[in-house]
Amino acid sequence: MCIRDSANIIRSKGFRSIYDPGAVFFEYAPPNFRARAVQKVRRGQGLIRVFWDFRRFLFDKQYGKYGMLIFPMEFLMHNVFPSLWLVCVGLFFVSLALFSLDWFFAVLAFIGLIFGLSHMQTKNRGSGKLRNVACLIMSFFSSQVFLFYALILWIFGRSLHKWQKVEDIRRKWSVK
């Protein structure tokens, strides 16, 4: 049994997993984009694998709300929506660019906005509320991209399930 499967194995045996709001957990964030990408893709692939391995829970009344609502939504969020979202956004931009040169410039402006928000987020610039919005948008966008990449790797048999030490995190956060 793998730790990532434990909640679903518990559920399949008729028990429940519960959330403890008093539990505290700390983790060091990766200090750079490359380390963050490695971590996010590995974790995304783990989630994709869990939801695929337990797809028998989908819409199974035996598991109550978990099988009828919670699991299907998580399955869709991690295994389907990243692909659909990126394809739809790509098709939207391509169709805008094909219909009018004005729309092409609007697409370029949007891409510039994304890069600007990314810069604002990483350089800690801008007012608090604007920076929070930038972080939210970039977090959603990057999560979708990382999940999509993890899904593609998994589909083509490139599994990243083995944990690999991210030296950048250890160097950055080591206690001296």
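Please read these numbers as outputs of a predicted model, since none were measured by experiment. (Residues numbered from 1 in each chain as written. Predicted model: local features only at pLDDT ≥ 70, side-chain atom pairs only at ≥ 80, totals over all residues. Heavy atoms only, no water.)

**Student:** Break down the overall build of the protein chain for me, citing the residues and quoting the values.
**Tutor:** The helix and strand tally for the protein chain stands at 6 helices and 0 strands. Secondary structure elements of the protein chain, listed N to C terminal, follow the sequence α-α-α-α-α-α. A total of 176 residues make up the protein chain; the buried ones form 27% of that total. Look at the contacts in the protein chain between residues 6 or more apart in sequence, and 62% of them connect residues 24 or more apart. Approximately 12800 Å² of the protein chain is accessible, and the part contributed by carbon and sulfur atoms is 67%. (Helix = DSSP H or I, 4+ residues; strand = E, 2+ residues; numbered from the N terminus. Buried < 20%, exposed > 50% of the residue type's maximum accessible area, 1.4 Å probe, protein only. Contact = heavy atoms within 4.5 Å. Areas by Shrake-Rupley, 256 points an atom, 1.4 Å probe, with all protein chains shown as cover.)

**Student:** So, the nonpolar core: which residues are in play, and what are the values?
**Tutor:** Where a protein is soluble and globular, its nonpolar side chains tend to be buried together. Among the nonpolar cores identified, the biggest contains 9 residues, and these are A37, V41, I48, F146, L147, A150, L151, L153 and L160. If you list the elements that add at least two residues to this core, you get α2 (33-53) and α5 (128-155). When residues of this core are assigned to their parent elements, the largest contribution, 5 residues, is made by α5. Residues contacting V41, with those up to four places away along its chain left out, are F146, Y149, A150, L153 and L160. Of all hydrophobic cores here, the second largest spans 8 residues; its members include F54, Y63, F71 and F75. (Core = buried A, V, L, I, M, F, W, Y, C linked by side-chain atoms within 4.5 Å.)

**Student:** Got a sec to walk through the packing of α2 against helix α3 (residues 64-99)? Specific residues and values, please.
**Tutor:** At a closest axis distance of 9 Å, the pairing of α2 and α3 adopts a crossing angle of 135°. Overall, the two elements α2 and α3 adopt an arrangement that is oblique. Handedness of the crossing formed by α2 with α3: left-handed. Residue-level inspection shows L47, I48, F51 and W52 of α2 in contact with α3, the latter providing F71, E74, F75, H78 and N79. The residue makeup of the contact of α2 with α3, split by class, is 6 nonpolar, 2 polar and 1 charged. (Axes fitted to C-alpha atoms, helices over the stretch in contact; angles between N-to-C directions. Parallel < 35°, antiparallel > 145°, perpendicular 65-115°, else oblique. Left-handed = near helix turned anticlockwise from the far one by under 90°. Nonpolar A, V, L, I, M, F, W, Y, C, P; charged D, E, K, R; others polar.)

**Student:** Account for α3, naming residues and giving values.
**Tutor:** Along its length, α3 shows its largest kink, about 50°, at V80, and proline P82 lies within four residues downstream of that point. Listed as buried for α3 are Y66, G67, F71, P72, F75, H78, N79, P82, S83, F93 and L96. (Bend = angle between axes of the 7 residues up to and from the residue.)

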